[in-house]
Amino acid sequence: MSKLLWSADGSHIPTIDPHTKAKHLIIEKYVEDLICTLYGKGRRGVDTFTFIDGFSGGGIYKDDESENKEWLGSPVRLIKAVQEGFKKAKREYPINVKFIFIDDKQDHIDCLKNYVMPKSGLDELSQPKDCEFNYEFICGEFEKNINYCVFTAEQRKGHSFFLLDPQGWTDVSMQSIRKITDMKKSEILYTFMIDYIIRFIAGREDSLKRGFEDVLEADGYYQEARNSKLTSSSVQLYLRQESMRLFREKGKAKYVFSFAAVPKGDTRVLYYLLHLSKNLTALEVMKDSFWEENTLGYEYFFNVYGFGFRTVDYYERNQMRLKFEKSKDQECIELLDRDLGRILESHPDGITFREASEKTMELNPARKSHYEQYIRQLREDQLIEIVREGKVINSKSPDLRRKDIIRKSRARQLILPF
Ligand SMILES: C[S@@+](CC[C@H](N)C(=O)[O-])C[C@H]1O[C@@H](n2cnc3c(N)ncnc32)[C@H](O)[C@@H]1O
């Protein structure tokens, strides 16, 4: 990956690549839906958020495919997505959001602060009604500012979101990941450069050994990959599983969900976009965003890559999307049939919708809406019943609640196909 460089006045900016575009669209959709879900929840939802963009870059790219030949970077996309989510929630109490942008190059921070933000109409004086937005720009290394970020987010309470988008794999330590996952309401979206890590494992350059053992705390992980053919799908599956294990065990993340960036003509993953969270709703909302940008078929690819984006030529990409659209809901329902079917079968006395989701959400590509659709269908077929507060629900199409118990129908024997 070439170095991304911005000049302070915006006269020199890098060109965007297709993977970064997909990543930006995921971030945007996710943040918008997250704000809408958490802020719009109940009588008064979450009204305080802290967004940390730990590797912000200069905020703008060249893009030959778009009309005005420009593409906005992650910082502006985060702010705009919060504004959109706020509007979409249609609530009438104030929201308070702080954004911290960090980059180790002064030119990048200057470009973002003095060129991109004013040009995009974003400054603290021009804020939508009821939105209190506060921006902080820090020139420095993320690792040196992690304590300040965690302290600030904790002081402010509310929900915090860390976007960690480095170009290497030694710029974010596992210790910092833990500092974030230790917080009560936090989540991380992390660009994890798996391809570089594997190259290190294969070559074992001594200069990077400290990075692997002390920074990433990955000693004992990825062992099998050392002498294997990295293009084989079983090795790619192994790498994904090891990455999940690493962030669950060492990063103390409850849920780890991945989106793979697969370069054109390749089967190897360049990087994973990892979502680390402890909240089922956050996982579900992220799944929806990954789903939108996924260009890989589910039946075969999900196990190997999770969701993912493979770069292809523009026309090929559009054709692929068209072809893919038709079957992707169907594929999800079939995979759900396997996972949820098994869970329901092994809990004859029933299981709450929450527990069934928690046990299976990371295993398949199905979204929350697929879960609801699938459960409703089983109920319509009288294979299961839904119990709420001790009573079987009789209404025709009930909304599903987390605490509802789903169990085999007492009237008919459940034989689930899987
Ligand atoms: C991949 S770019 C970020 C792109 C940006 N997130 C976006 O999506 O538009 C990585 C940025 O991190 C900066 N950087 C590199 N090492 C860093 C470090 N240790 N701490 C903070 N920033 C760093 C680089 O100068 C570069 O601007």
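Note that the structure is a prediction, hence the values are computed from the model and not measured.

Caption draft 1: A look at the nonpolar core. One finds V31, F49, F51, I95, F99, F133 and F290 to be the most contacted residues of the largest nonpolar core, which totals 76 residues. In terms of residue count, the dominant contributor to this core is helix α1 (residues 18-39) (nine residues). Here this core spans two domains, since at least three of its residues come from each of domain 1 (18-323) and domain 2 (327-408). Counting residues in hydrophobic clusters, the runner-up holds 53 residues, among them V150, I180, F192 and A261.

Caption draft 2: Representation of the site of the ligand within the structure. The immediate surroundings of the ligand are formed by 20 residues, with H24, Y61, D103, H108 and D165 found nearest. The contact in question runs from a nitrogen atom of the ligand to an N or O atom on the side chain of S74, over 3.0 Å. With the chains in place, 94% of the 600 Å² that the ligand exposes on its own is no longer accessible. Partitioning the shell around the ligand into residue classes produces five nonpolar, nine polar and six charged.

Caption draft 3: Structural view of the packing of helix α4 (residues 142-156) against helix α5 (residues 174-181). Where α4 meets α5, the axes come as close as 10 Å, and the angle between the chain directions of the two elements is 15°. Looking at the two axes, α4 sits roughly parallel to α5. Crossing hand, α4 versus α5: left-handed. Here F142, E143, I146, N147 and V150 of α4 come into contact with α5, specifically with S176, K179 and I180.

Caption draft 4: Geometry of the domain arrangement of the chain. We note that the domain assignment places domain 1 (18-323) and domain 2 (327-408) within the chain. The straight-line distance from the C-alpha centre of domain 1 to that of domain 2 is 30 Å. Each side of the interface is counted separately: domain 1 has 18 residues, and domain 2 has 19 residues. Between the two partners, domain 1 and domain 2, sit five salt bridges. E358 is the salt-bridge partner of K254, the closest N and O atoms lying 3.9 Å from each other. The tally of links between domain 1 and domain 2 comes to eight residue pairs in polar contact (both at pLDDT 80 or more). Residue assignment for the side of domain 1 that touches domain 2 shows that the elements contributing at least two residues are β8 (255-262), α9 (280-293) and α10 (298-305). Grouping the constituent residues of the side of domain 1 that touches domain 2 by class yields nine nonpolar, two polar and seven charged.

Caption draft 5: Quick peek at the side chain of S173. With respect to the helices and strands, the residue S173 is situated in the loop between β6 (159-164) and α5. A residue is classified by how much of its surface remains accessible, and S173, at 8% relative accessible area, is buried. Residues within four places of S173 in sequence aside, it is in contact with E143 and V215.

Caption draft 6: Highlighting the sheet that holds strand β14 (residues 405-408). Taken in spatial order, the four strands make up an open sheet running β11-β14-β12-β13, and their pairing is antiparallel. Here the strands that pair on one side only, and so sit at the sheet edges, are β11 (351-352) and β13 (391-392). Examined bridge by bridge, strand β12 (residues 384-388) and β14 share four bridges and lie antiparallel to one another. Across the sheet, residue E385 finds its bridge partner in β14, namely R407. Of the strands in this sheet, β12 and β14 are in contact with helix α13 (residues 368-380), which crosses β12 at around 110°.

Caption draft 7: Here's a closer look at the environment of V285. Its location among the elements puts V285 in helix α9. Discounting residues that sit within four places of it in the chain, V285 has contacts with Y30, D33, L34 and T37.

Caption draft 8: Geometry of the sheet that holds strand β9 (residues 271-277). The sheet built from eight strands is open, its strands ordered β5-β4-β1-β6-β7-β9-β8-β10 with mixed pairing. On the outer flanks of this sheet lie β5 (131-139) and β10 (307-310), each paired with one strand and no other. Taken over all neighbouring pairs, the strand axes of this sheet differ in orientation by 10° on average, direction set aside. Against the sheet, α4 engages β1 (48-53), β4 (95-103), β5 and β6, with an angle of about 175° to β4.

About the thresholds
- Residues numbered from 1 in each chain as written.
- Predicted model: local features only at pLDDT ≥ 70, side-chain atom pairs only at ≥ 80, totals over all residues.
- Heavy atoms only, no water.
- Core = buried A, V, L, I, M, F, W, Y, C linked by side-chain atoms within 4.5 Å.
- Buried < 20%, exposed > 50% of the residue type's maximum accessible area, 1.4 Å probe, protein only.
- Helix = DSSP H or I, 4+ residues; strand = E, 2+ residues; numbered from the N terminus.
- Domains from an automatic or database assignment.
- Near = heavy atom within 4 Å.
- Polar contact = N/O pair within 3.5 Å; in protein donor to acceptor, adjacent residues only side chain to side chain.
- Areas by Shrake-Rupley, 256 points an atom, 1.4 Å probe, with all protein chains shown as cover.
- Nonpolar A, V, L, I, M, F, W, Y, C, P; charged D, E, K, R; others polar.
- Axes fitted to C-alpha atoms, helices over the stretch in contact; angles between N-to-C directions.
- Parallel < 35°, antiparallel > 145°, perpendicular 65-115°, else oblique.
- Left-handed = near helix turned anticlockwise from the far one by under 90°.
- Contact = heavy atoms within 4.5 Å.
- Salt bridge = Lys/Arg side-chain N within 4 Å of Asp/Glu carboxyl O.
- Pairing = 2+ DSSP bridges.

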